[in-house]
Amino acid sequence: MSVLAEPIEQAKTNSLEQHWMPFSANKEFKSAPRLITRSEGMYLWNQNGDRLVDGSSGLFNVPAGHARKSIADAVHAQMMQNGYTAPFQLGQPTSFEFAAKLTKIMPEPFNHVFFVNSGSEAIDTALKMVMAYHRANGDAQRTRFVSRERAYHGVNMGGVSLAGMVKNRETFPVVMPNIVMMRHTWNEENAFTRGQPETGVELANDLQRFCETYGGSTIAAVFIEPVAGSTGTLVPPKGYLERVRQICDEQGILLVFDEVITGFGRLGKPFAVDAFNVMPDIITLAKALTNGAIPMGAVAASDQVYETITEAAPENAIEFFHGYTYSAHPAACAAGLATLKIYEEEGLFDRAAELSDYFLDAIWSLQDIPIVKDIRGYGLMGGVEVHPLPGKPGIRGNEMQKRLFWNGCHAKWTGDTAILAPAFIAERSHVDEIVDAMRKTLMAE
């Protein structure tokens, strides 16, 4: 008898072994699991019935709070009407409606979006857009890409190639060639800087040095997280993004902003483009696009990028030979439309901006704790970094994450840094809960 033929009641209902979990210490987790059985608003409930405040909006992707009924209703209605349409040479109305409404909140040059299923897919799609753009311009010699140390751009092979976090690539040695890394922007003298550091703009000149070393005409694009998120909230120094943009303009290099985390109000503005007033050529999006309800990502292309690629193709030919089976899935588009409606009707981007000062004050109150090495933050996003155990980077952070869970708070940790990013529906009392749980956890060390 096949496994599928077994009655459900005979299955191994108390085993966790069958699920190979992502980015998890599987053996350790399954020996002492931390399971979420319910979520609503700012809270999660574990398998013991204990309530936890969500300090990281899931993985920064639930800014409107958990279990929003209007999103679920929109998805249900769409699934009952049309659960799937093949996206190649066919269309369905919801994707066009979503694209139209999404571009209305994007900066002006971004009037075209290509839908994918995750931030990782968005990065690989952006890489292909860059290649297609330069080929259409007759610049096929631009085969080099620039990323940064401590960068995270998803886990598909393009993103792994751009990765500047060693654990994301050391096991996977076969990656794209011709990737060069600018230095990251954290330095010790800027520790405990709130907002943008005053010093460090000169780090952008790494790009100029690459142009002089390899030839600017060989570089296709620079990929940058405006605020480096998954590595622990590295805020760009004043003038840094502006200098990168200037060099790109001088050398004909495309600038790609990875706004998978920073997009949709996280920095107190709709996008980092608005927060820092620096305009890229391509923007990658995901996470908050559907409030975490259904996997979805997108790549927003400037008019110049879109028109260059589409106008170079022969008449009636496919202009961009790329896509996924679930690109612009009807249910995901319905979730996106419902999410945008919540953002607008509840003024959540403005709420995030209004809560930012209180949030940053609260996390900065942790700087008196001896094991705290640094605190960084911008908008409604902060990093609290602890001193690593001698010779064991990341071990303390891993233990802290588990202790924090049992102390009543979920937060994403990368290495020895907690990344705090509450939902935009949060009240000051929720911020207090998050910081109180952090203090309890940090002080117990």
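Thresholds, definitions, all that
- The numbering scheme is per chain: residues are counted from 1 as the chain's sequence reads.
- Under the rules for a predicted model, residues below a pLDDT of 70 receive no local features and side-chain atom pairs below 80 are neither given nor counted, while totals for whole chains, interfaces and linings still include all residues.
- Here the side-chain values reflect all heavy atoms present in the structure, with hydrogen atoms and water set aside.
- As used in this record, nonpolar core signifies buried Ala, Val, Leu, Ile, Met, Phe, Trp, Tyr and Cys residues forming a set joined through side-chain atoms within 4.5 Å.
- With a 1.4 Å probe rolled over the protein chains alone, any residue whose accessible area is under 20% of its type maximum counts as buried; one over 50% counts as exposed, and the rest are partly exposed.
- Here a cavity denotes a set of grid points, spaced 1 Å apart and computed over the protein atoms alone, in which a 1.4 Å probe fits but from which it cannot get out, and a pocket denotes an open set meeting protein on both sides within 12 Å along at least five of seven lines; residues with an atom within 4 Å of a point are reported as lining.
- Grid points are joined across faces, edges and corners, and a volume is the space filled by probe spheres set on the points.
- Each residue receives one of three labels: charged for Asp, Glu, Lys and Arg, nonpolar for Ala, Val, Leu, Ile, Met, Phe, Trp, Tyr, Cys and Pro, and polar for the others, Gly being one of them.
- For the purposes of this entry, the term helix denotes a DSSP run of H or I that reaches at least four residues, the term strand denotes a run of E that reaches at least two, and both are numbered from the N terminus.
- Axis definition: a line fit to C-alpha positions, over the contact stretch in the case of helices; interaxial angles, taken between N-to-C directions, run 0 to 180 degrees.
- Roughly parallel means an angle under 35 degrees; roughly antiparallel, over 145; roughly perpendicular, 65 to 115; everything else is oblique.
- What makes a crossing left-handed is the near helix being turned counterclockwise from the far one by less than a right angle; a clockwise turn instead makes it right-handed.
- Only heavy atoms matter for contacts: two residues are in contact if any of them lie within 4.5 Å across the pair.
- What makes two strands pair is DSSP finding at least two bridges between them.

Participant: Any chance you could explain the nonpolar core here in plain terms?
Facilitator: Residues Val222, Val244, Phe264 and Leu442 are the most contacted members of the largest nonpolar core, which totals 99 residues. Ranked by size, the runner-up nonpolar core spans 23 residues in total, among them Ala221, Val256, Val305 and Ile309.

Participant: Any chance you could explain empty space enclosed by the protein here in plain terms?
Facilitator: One water molecule sets the probe size; rolling that probe over the atoms shows where empty space is left. Counted under the stated rule, the structure contains three cavities of 30 Å³ or more. Of the volumes computed, that of the largest cavity is approximately 90 Å³. Residue lining of the largest cavity: Thr185, Trp186, Asn190, Thr193, Gly195, Pro197, Leu234, Val235, Asp374, Arg376 and Gly377, and that is the complete set. The residue inventory of the lining of the largest cavity, partitioned by class, reads four nonpolar, five polar and two charged. By volume, the second largest cavity is sized at about 60 Å³. The wall of the second largest cavity is formed by Arg148, Glu149, Arg150, Ala151, His184, Thr185, Glu225, Ala228 and Leu234. In the lining of the second largest cavity, the residues fall into three nonpolar, two polar and four charged.

Participant: Could you clarify how one ought to interpret unusual backbone geometry in this entry?
Facilitator: Of all residues except glycine, most have a negative phi; of all peptide bonds, most are trans. Positioned with a positive phi, Phe23 is a non-glycine residue whose angle comes to about 45°. Following the sequence through the fold, Phe23 ends up in the segment before helix H1 (26–31). We note that Ala328 has phi near 55°; this positive angle belongs to a residue other than glycine. Looking at the secondary structure, you find Ala328 in the loop between helix H10 (303–312) and helix H11 (330–345).

Participant: What am I meant to see in the packing of helix H5 (residues 119–136) against H10 here?
Facilitator: The description of two helices packed together rests on the angle between their axes and the distance between the axes. At a closest axis distance of 9 Å, the pairing of H5 and H10 adopts a crossing angle of 60°. Overall, the two elements H5 and H10 adopt an arrangement that is oblique. Considering how the two elements wind past one another, H5 and H10 form a crossing that is left-handed. Residue-level inspection shows Met129, Ala132, Tyr133 and Ala136 of H5 in contact with H10, the latter providing Gln304, Val305, Thr308, Ile309 and Ala312. Taken together, the residues of the contact of H5 with H10 break down into seven nonpolar, two polar and no charged.

Participant: How do you make sense of the sheet that holds strand E5 (residues 144–148) when you look at a structure like this?
Facilitator: Picture the strands of a sheet paired through backbone hydrogen bonds; they go either parallel or antiparallel. If you trace the seven strands from one edge of the open sheet to the other, you get E4-E10-E9-E8-E7-E5-E6, paired in mixed fashion. The sheet is open, and its two borders are formed by strand E4 (110–116) and strand E6 (179–182), each paired with just one other strand. The sheet shows a mean angle of 20° between the axes of neighbouring strands, taken without regard to direction. Pairing of strand E8 (residues 254–258) with strand E9 (residues 282–285), which is carried by three bridges, proceeds in the parallel orientation. In the strand pairing of E9, Val256 is matched with Ile282.

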